[in-house]
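Observations on chain architecture
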Amino acid sequence: MKNEIRFSLNGKEETLPGDPRRRLIDVLREDFGLTSIKEGCGEGECGACSILVDGRVIDSCILPAGAVEDRTVETLESIRETERGEKIVQALTRGGGVQCGFCIPGMAVSIESLLRTNPRPDEHAIREGISGNLCRCTGYQQIVEGVAAIEHVEGDNS
Ligand code: FES
Ligand code: FES
């Protein structure tokens, strides 16, 4: 087993602490304090633990930490430092779009991924974009409307 596994985390080069067979969600939450990542099902079904790996939405509860070697990992902590990321969070939290809020971080990560490739998604694209994120409190409609109302952020499409 390799001793040192390097990866990029929220824009910083990091070395993976501990056993690379640990779940990525545990490493990110416990060792890096990235508590935006939530654990719901723990089985890759609910999307509460969504993060971006090389820009793609991944369920961190089913990924061994060592799988991110030489990859780029982003969590909501860095995403919401951008103008678009903050707009996404606001769109999800205002207007009663969500209730308990547990699903918001994972949902926001998926929407960020969607808007990077499709800055002005229609309702169908939004529903598809969040199809891996379960919300047990709402009927999704207000979430979809909130996302559809996000203004396109020019030049923030990385
Ligand atoms: S906690 Fe990872 S998909 Fe549900
Ligand atoms: S608002 Fe409660 S799970 Fe979505």
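Below is a short write-up of the structure. All of these numbers come straight from a predicted model, not from anything done at the bench.

Below, the discussion takes up the overall build of the chain. Along the backbone of the chain there are six helices and five strands. The linear arrangement of helices and strands in the chain, starting from the amino end, is β-β-α-β-β-β-α-α-α-α-α. Taking 15 Å as the expected radius of gyration for a compact globule of 158 residues, we find that the chain reaches 15 Å, a close match to that expectation. Counting every position in the chain, which comprises 158 residues, the buried fraction comes to 46%. Sequence-distant contacts in the chain: of pairs separated by 6 or more residues, those separated by 24 or more amount to 57%. Carbon and sulfur atoms provide 45% of the accessible area of the chain, an area that totals close to 8,000 Å². In the chain, 18 positive and 27 negative side-chain charges are present, and the distance between their average locations comes to 1 Å.

A few words on the pairing of strand β1 (residues 6-9). Within a regular beta strand, the side chains point alternately toward one face of the sheet and then the other, so they alternate between its two faces. Relative to strand β2 (residues 12-15), β1 runs antiparallel, the two sharing four bridges. Paired with R6 across the two strands is T15, which belongs to β2. Note that β1 and strand β5 (residues 72-74) share two bridges and pair parallel. Within the sheet, the bridge partner assigned to L9 lies in β5 and is V73.

With mixed pairing, five strands are arranged side by side in an open sheet as β2-β1-β5-β3-β4. Across the chains shown, the open sheet's two edge strands, defined by having one partner strand only, are β2 and β4 (56-59). Direction aside, the axes of adjacent strands within the sheet are offset by 40° on average. Sheet contacts for helix α4 (residues 104-117): β3 (50-53), β4 and β5; angle to β3, the most-contacted strand, approximately 35°.

As a packed pair, helix α3 (residues 83-93) and α4 sit with axes 10 Å apart at the nearest point and diverge in direction by 130°. When the axes of α3 and α4 are compared, the pair comes out oblique. With respect to the hand of their crossing, α3 and α4 are arranged in right-handed fashion. Touching R84, G85, I88, V89, L92 and T93 of α3 are I104, M107, A108, I111, E112, L115 and R116, all from α4. Of the residues contributing to the contact of α3 with α4, the split by class is eight nonpolar, two polar and three charged.

The rules behind these values
Residues numbered from 1 in each chain as written. Chains lettered and ligands numbered in written order. Predicted model: local features only at pLDDT ≥ 70, side-chain atom pairs only at ≥ 80, totals over all residues. Heavy atoms only, no water. Helix = DSSP H or I, 4+ residues; strand = E, 2+ residues; numbered from the N terminus. Rg over C-alpha atoms; globule rule 2.2 N^0.38 Å. Buried < 20%, exposed > 50% of the residue type's maximum accessible area, 1.4 Å probe, protein only. Contact = heavy atoms within 4.5 Å. Areas by Shrake-Rupley, 256 points an atom, 1.4 Å probe, with all protein chains shown as cover. Lys, Arg positive; Asp, Glu negative; His and termini not counted. Charge placed at Lys NZ, Arg CZ, Asp CG, Glu CD. Pairing = 2+ DSSP bridges. Axes fitted to C-alpha atoms, helices over the stretch in contact; angles between N-to-C directions. Parallel < 35°, antiparallel > 145°, perpendicular 65-115°, else oblique. Left-handed = near helix turned anticlockwise from the far one by under 90°. Nonpolar A, V, L, I, M, F, W, Y, C, P; charged D, E, K, R; others polar.

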